[in-house]
Amino acid sequence: MTNTSEVPFHCDVESSTENGVTVTTVRCHGRLINQTAGEVKEIVKPLIPQGGTIVIDLEDVTFLDSLGLGTLVGLKVSAINEGYCTLKLQNLSPRIQELVKLTSLTKLFAS
């Protein structure tokens, strides 16, 4: 049985400039899972070649599955490979922090 009161997954995007660097914040809401991970990828992937800092805010993410985590890893690796973009995760719930730790991804997301 699904919880019908849960907010459908969506992301809000806002950009600002801090010390001459463009900072784009992508605030995710809902469940970042198999069916919704593509939405994050569609939003973030085109931002990477633009450079600057991309912050993915997970404060309002209620659940993260393996595909959601895999999508975040793929985006982080793409940002690293581009070389002129920094991608950060922000406001991870204790449960998501534990998932990152259990999958030995803490070091990747700390860079």
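About the thresholds
Residues numbered from 1 in each chain as written. Predicted model: local features only at pLDDT ≥ 70, side-chain atom pairs only at ≥ 80, totals over all residues. Heavy atoms only, no water. Helix = DSSP H or I, 4+ residues; strand = E, 2+ residues; numbered from the N terminus. Buried < 20%, exposed > 50% of the residue type's maximum accessible area, 1.4 Å probe, protein only. Contact = heavy atoms within 4.5 Å. Pairing = 2+ DSSP bridges. UniProt positions renumbered as here; feature names shortened; annotations may be inferred. Salt bridge = Lys/Arg side-chain N within 4 Å of Asp/Glu carboxyl O.

Trainee: Whenever I open this one, the environment of F109 confuses me. Can you help?
Mentor: For F109, the position within the fold is in helix 4 (residues 106-110). On the basis of relative accessible area, F109 is assigned to the buried category, the value being 14%. Taking the C-alpha atoms as reference points, F109 and L89, 20 residues apart in sequence, are found 7.1 Å from one another. Leaving out residues up to four positions away in the same chain, F109 has contacts with L72, V73, K76, L89 and V100.

Trainee: Help me understand the pairing of strand 1 (residues 10-18), please; the structure alone is not making it clear to me.
Mentor: For a regular strand, side-chain orientation follows a simple rule: the groups alternate between the two sheet faces. By the bridge criterion, nine bridges tie strand 1 to strand 2 (residues 21-32) in an arrangement that is antiparallel. Its bridge partner lying in strand 2, S16 is registered against V23. From the end of strand 1 to the start of strand 2, which pair antiparallel, there are two residues, and N19 there has a positive phi angle of about 55 degrees.

Trainee: Would you mind going over the environment of V23 with me for this structure?
Mentor: Tracing the chain through its elements places V23 in strand 2. Considering only alpha carbons, one finds V23 and G52, 29 residues apart in sequence, at a separation of 6.0 Å. The contacts of V23, once residues within four sequence positions are left out, are E14, S15, S16, E18, T53 and V55.

Trainee: Help me understand the UniProt feature "domain: STAS" (unreviewed entry) in the protein chain in this model?
Mentor: When the UniProt feature table is mapped onto this chain, "domain: STAS" (unreviewed entry) is found at residues 23-111. Helix makes up 44% of residues 23-111 and strand 33%, with an end-to-end C-alpha separation of 17 Å.

Trainee: Can you walk me through the pattern of salt bridges in this structure?
Mentor: Once the charged atoms of two side chains with opposite charge are near each other, the side chains can pair. Taken as a whole and assessed by the stated rule, the structure comprises two salt bridges. Between E14 and R27 there is a salt bridge, with the nearest N and O atoms lying 3.2 Å from each other. One end of the pair, E14, is in strand 1; the other, R27, is in strand 2, with 13 residues separating them in the sequence. Among the ionic pairs, D57 bridges to R27, the shortest N-O distance being 3.7 Å. On the criterion of sequence distance, the pair formed by D57 in strand 3 (residues 52-64) and R27 in strand 2 is long-range, its members being 30 residues apart.

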